[in-house]
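The residues making up each chain are set out below.
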Amino acid sequence: MPRDADALVALLDLEKIDDDLFRGATETSLLPRVYGGQVAAQALVAATRTVDPAYAVHSLHSYFLQPGDPAAPIIYDVENLRDGRSFATRRVLGRQHGRPIFALTASFQVAEEGWAHQDVMPQVTSPEDSIDPREAMAELDPDRDTSGDSEWDVAALRYVGSSGDGRLAEDAEHPAVQRCWLKVSSALPDDPLLHAAAFTYLSDMFLIGAALVPHGARVGDGSTLVASLDHTIWFHRPFRADEWWLYDQTSPFAGGGRGLVTAGVFTQDGTLVATVAQEALLRKFDPSRVRR
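Please read these numbers as outputs of a predicted model, since none were measured by experiment.

> Got a minute to help me understand the overall build of the protein in this structure?
Of the regular secondary structure elements, the protein holds five helices and 13 strands. For the protein, with 292 residues in total, the buried portion stands at 48%. Contacts spanning at least 24 positions in sequence make up 72% of the contacts within the protein whose residues lie at least 6 apart. On the protein, roughly 14,800 Å² of surface is accessible, and the fraction owed to carbon and sulfur atoms is 51%.

> I would appreciate a short explanation of the pairing of strand β3 (residues 55-64) in the present structure.
Consecutive side chains along a regular strand alternate between the two faces of the sheet. Both β3 and strand β6 (residues 99-110) contribute to a ladder of nine bridges, which runs antiparallel. The residue bridging S59 from the neighbouring strand is S107, located in β6. The pairing of β3 with strand β10 (residues 224-235) spans five bridges and is antiparallel. By the bridge assignment for β10, Y63 is matched with D230.

> How should I be thinking about helix α2 (residues 36-48) in this particular structure?
Its 13 residues place the ends of α2 18 Å apart at the C-alpha level, agreeing with the 18 Å of an ideal helix rising 1.5 Å per residue. In terms of burial, α2 is a largely internal element, 13 of the 13 residues being buried.

> Just to check I follow, could you spell out helix α1 (residues 5-12) for this structure?
In an α-helix, one turn spans 3.6 residues; hence positions three or four apart end up facing the same way. Those residues of α1 that fall on the buried side of the exposure criterion are A5, L8, L11 and L12. For α1, the angular spread of buried residues about the axis comes to 120 degrees, placing them on one side. Exposed side chains of α1 directed beyond 90 degrees from the buried face belong to D6 and A10. Against the buried residues of α1 lie α2, β9 (177-184) and α4 (192-203). Two or three places before D6, at the start of α1, stands the capping residue D4, its side-chain oxygen 3.3 Å from that residue's backbone nitrogen.

> Looking at this structure, I do not really get the layout of surface pockets. What am I missing?
If a probe the size of a water molecule is rolled over the atoms, the empty space left behind becomes visible. Of the voids in this model, the second largest pocket is the one considered here, and its volume is about 1,100 Å³. The wall of the second largest pocket is formed by 33 residues, among which V57, F235, H236, R237 and P238 lie closest to the centre. Secondary structure elements with two or more residues in the lining of the second largest pocket: β3, β6 and α4.

> Got a minute to help me understand the packing of α1 against α4 in this structure?
Axis angle and axis distance: for two packed helices, these are the angle between their axes and the distance between the axes, and together they describe the pair. Their axes nearest at 11 Å, the elements α1 and α4 cross at an angle of 100 degrees. The orientation of α1 relative to α4 falls into the category roughly perpendicular. Here L8, V9, L11 and L12 of α1 come into contact with α4, specifically with L194, A197, A198 and Y201. When the residues that make up the contact of α1 with α4 are grouped by side-chain class, the tally is eight nonpolar, no polar and no charged.

> It is not clear to me how unusual backbone geometry should be interpreted in this structure. Could you clarify?
Across the chain, the bulk of peptide bonds are trans and the bulk of non-glycine residues have phi less than zero. One non-glycine residue, D20, lies in positive phi territory at about 65 degrees. Among the structural elements, D20 can be located in the loop between β1 (15-18) and β2 (21-24). For D20, a relative accessible area of 31% translates into the label partly exposed. Phi at H97 is positive, roughly 55 degrees, even though this residue is not glycine.

The rules behind each value
- Residues numbered from 1 in each chain as written.
- Predicted model: local features only at pLDDT ≥ 70, side-chain atom pairs only at ≥ 80, totals over all residues.
- Heavy atoms only, no water.
- Helix = DSSP H or I, 4+ residues; strand = E, 2+ residues; numbered from the N terminus.
- Buried < 20%, exposed > 50% of the residue type's maximum accessible area, 1.4 Å probe, protein only.
- Contact = heavy atoms within 4.5 Å.
- Areas by Shrake-Rupley, 256 points an atom, 1.4 Å probe, with all protein chains shown as cover.
- Pairing = 2+ DSSP bridges.
- Expected span 1.5 Å × (residues − 1).
- Arc of directions from axis to C-beta.
- Polar contact = N/O pair within 3.5 Å; in protein donor to acceptor, adjacent residues only side chain to side chain.
- 1 Å grid on protein atoms, 1.4 Å probe; cavity = no way out; pocket = protein on both sides within 12 Å on 5 of 7 lines; lining within 4 Å.
- Points joined across faces, edges and corners; volume = space filled by probe spheres on them.
- Axes fitted to C-alpha atoms, helices over the stretch in contact; angles between N-to-C directions.
- Parallel < 35°, antiparallel > 145°, perpendicular 65-115°, else oblique.
- Nonpolar A, V, L, I, M, F, W, Y, C, P; charged D, E, K, R; others polar.

Dropping the structure here:
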């Protein structure tokens, strides 16, 4: 996994193989499969490279089809579905070993003016006054194995709330809420595509945890089998992924072995810049049932 912004930029710098065909590198990881945010971000870069620069991405909808092999590159095949006066649409299929592992459809729009409104950002502590999870975990368990922590150094994270993990369960009407401040840990170049792609990369990191809040479980605690099934982002306004943004996550439903999470993304001045939604596999762990 990339350790900083420079490594992330390198990971997102795809090799062009042919017209509308790109190759993305993978990196060694402690994860048994390619991290989903990497595949989504690389697919967005591939799609954007086939679109006129006058158009900017406003939404992407994607499905994780198969676990990716972290030891093999990923081929991204871009299909031009539409080039209109205001909108352009691309479909991307990510493949490894001759089989599809990921599918994405992205829509792009020429900038225009129109009616505007937004939800108000919730009242939360600032990033500086919120909880650094590494420091909190070190205080709770000084003997904890931290050898794998550096794998996520590309993300700077601060949890909102007194529990130390961003979990907010005080509202009976919305029992599954989780909030955190997040950003790329070091400075990115000014290219808007890199910020959209870097945000896409980070956006897959913490969503599933919100669906586990009412059940007292956590990702990685051995009690639950989780995996992202799909991932959708609506980009409302350009913003910098290397400056703090609030990830306000709510899970309105879980059932049938799946959990749904939606999230508003706010910059520190209260501007709503993106909305994210994800459905994930959500099962109590059963060693005899490991396939998806």
